[in-house]
Amino acid sequence: MKNIVVDTSVILESLYNIDLLLQEHNVFLTDIVLQELDGKKNDEKVGYNSREFYRILGHSTTLKLSKLPNSDIVAFNNDSIIQMAYKNKYIYMIVRNYYKLRDINDSKIIEIAKDYEMTLVTMDMAQKVRAATQDVVANIFHKEDYIIKHVPQQLEQKRPIVQEVPKKYAIDPHTQSAIDIMKQRLELQNSKPWYKFW
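Definitions and cut-offs
Numbering of residues begins from 1 in every chain and follows the order in which that chain's sequence is written. The predicted origin of the model limits local features to residues at a pLDDT of at least 70 and limits the giving and counting of side-chain atom pairs to 80 or more, whereas totals for whole chains, interfaces and linings rest on all residues. The side-chain values count all of the structure's non-hydrogen atoms but skip hydrogen atoms and water molecules. Predictor confidence is given residue by residue as pLDDT, running from a minimum of 0 to a maximum of 100. By the convention used here, residues are in contact when the closest approach between their heavy atoms is within 4.5 Å. Only protein chains enter the area calculation, which uses a 1.4 Å probe; residues under 20% of their type maximum are buried, those over 50% are exposed, and those in between are partly exposed. Helix and strand assignments follow DSSP, with helices taken as H or I runs no shorter than four residues and strands as E runs no shorter than two, numbered in order from the N terminus. A pair of strands counts as paired when DSSP detects no fewer than two bridges linking them. Every case where a carboxyl oxygen of Asp or Glu lies within 4 Å of a side-chain nitrogen of Lys or Arg is listed as a salt bridge. The convention used is that axes are lines fitted to C-alpha atoms, helices contributing only their stretch in contact, and that angles between N-to-C directions extend from 0 to 180 degrees. By the definition adopted for this analysis, an angle is roughly parallel if under 35 degrees, roughly antiparallel if over 145, roughly perpendicular if from 65 to 115, and oblique otherwise. Each crossing is labelled by how the near helix is turned from the far one, with a counterclockwise turn of less than a right angle marking it left-handed and a clockwise turn marking it right-handed. Three classes are used: nonpolar for Ala, Val, Leu, Ile, Met, Phe, Trp, Tyr, Cys and Pro, charged for Asp, Glu, Lys and Arg, and polar for all others, with Gly counted as polar. Classification of ring pairs uses Phe, Tyr and Trp, with its six-membered ring standing for Trp, and accepts pairs whose centres are within 6.5 Å; under 30 degrees between planes counts as stacked, over 60 as edge-to-face, and the remaining range as tilted.

### A short note on the confidence of the model for the protein
No. 1: Residues with a pLDDT of 70 or more make up 74% of the protein, whose mean pLDDT is 82.
No. 2: This model gives residues 161-165 a pLDDT under 50, and the stretch forms twelve contacts once residues within four places in sequence are excluded.
No. 3: This model gives residues 194-198 a pLDDT under 50, and the stretch forms 16 contacts once residues within four places in sequence are excluded.

### What about the pairing of strand β2 (residues 25-30)?
Regular strands place side chains that alternate from one sheet face to the opposite one.
No. 1: Most of β2 sits inside the fold, with six of its six residues counted as buried.
No. 2: Taking every second residue as pointing to the same face, both faces of β2 are buried, with H25, V27 and L29 on one and N26, F28 and T30 on the other.
No. 3: Two elements, strand β1 (residues 2-6) and β2, share four bridges in a ladder whose sense is parallel. Across the sheet, the residue bridging to K2 is H25, located in β2.

### Quick word on the pattern of salt bridges
No. 1: Inspection of the entire model under this criterion finds nine salt bridges.
No. 2: Of the charged contacts, one joins D38 and K41 as a salt bridge, the two residues approaching to 2.9 Å between their closest N and O atoms.
No. 3: K41 gets classed as partly exposed once you look at its relative accessible area, which sits at 33%.
No. 4: Where R96 meets D115, a salt bridge forms, and the shortest distance between an N and an O atom there is 2.6 Å. Here R96, found in strand β5 (residues 89-96), pairs with D115, found in helix α5 (residues 105-115); they are 19 residues apart in sequence, far enough to count as distant. Of the two residues, R96 and D115, both sit in the buried class.

### Notes on the packing of helix α3 (residues 31-39) against helix α4 (residues 47-58)
No. 1: Packing of α3 against α4 leaves a shortest axis separation of 8 Å and a crossing angle of 125°. Between α3 and α4, the interaxial angle falls into the category oblique. Every pair of crossing elements has a handedness; the one defined by α3 and α4 is left-handed. Contact residues: α3 offers L34, Q35, L37 and D38, while α4 offers S50, F53 and Y54.
No. 2: Residue composition of the contact of α3 with α4, by class: four nonpolar, two polar and one charged.

### Focus: the sheet that holds strand β6 (residues 119-122)
Hydrogen bonding along the main chain pairs the strands of a sheet, whether they run parallel or antiparallel.
No. 1: Here we have seven strands laid out as an open sheet, ordered β3-β4-β5-β2-β1-β6-β7, and mixed in their pairing. Looking at strand neighbours, the two that pair on one side only are β3 (62-65) and β7 (138-140), the edges of this open sheet. Across this sheet, the average inter-strand angle for adjacent strands is 30°, counted without regard to direction.
No. 2: Against the sheet, α4 makes contact with β2, β4 (79-86) and β5, and its axis sits at roughly 90° relative to β4, the strand it touches most.

### A short note on the packing of aromatic side chains
No. 1: Going through the model one piece at a time under the given rule, you end up with four aromatic pairs.
No. 2: Their ring planes at 25° and their centres at 5.0 Å tell us that F28 and Y92 sit as a pair that is stacked. Within this pair, whereas F28 is found in strand β2, its partner Y92 is found in strand β5, the two being separated by 64 residues in sequence. Of the two residues, F28 and Y92, both sit in the buried class.

Have a look at this one:
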């Protein structure tokens, strides 16, 4: 699994994006991303995603790591690498006390990606261009690419078991009135909503 740094824009667009990325990568966030998410929690358009992300992490235990998972790269002197449970996987936070770059937040996120030799994943084209000027590999996240790969097998795994209607509920339109059929269907749906009518 490749280590990637995920930008705020990916989370704010949809939390499902994180679920998709976690299927293929070790996902890292920076303290800057956490600050930006916190600043958006009351936003009318994206506030829900920010609050829900924090709710998920709020139930997690934390573990401080000395180096990146699946890597020999150790934490820089003034950095902390924190592992947190995110649903049934792990997500990682890099907290830096002092950034070399002092301009906008995008530059600080790019700095982390560069220092730890990670790919930056963003939905912000301007950030992708800025990363390229600093020799950082940055990819624009396209949800469709991940959905095509992963959703069909997820649906196959989660497909509910459909059972046939028991004989006592079998409907014969030739001998029953429409009212009787409707009553029978309602009775079955109320008692066993997962049965399928043929």
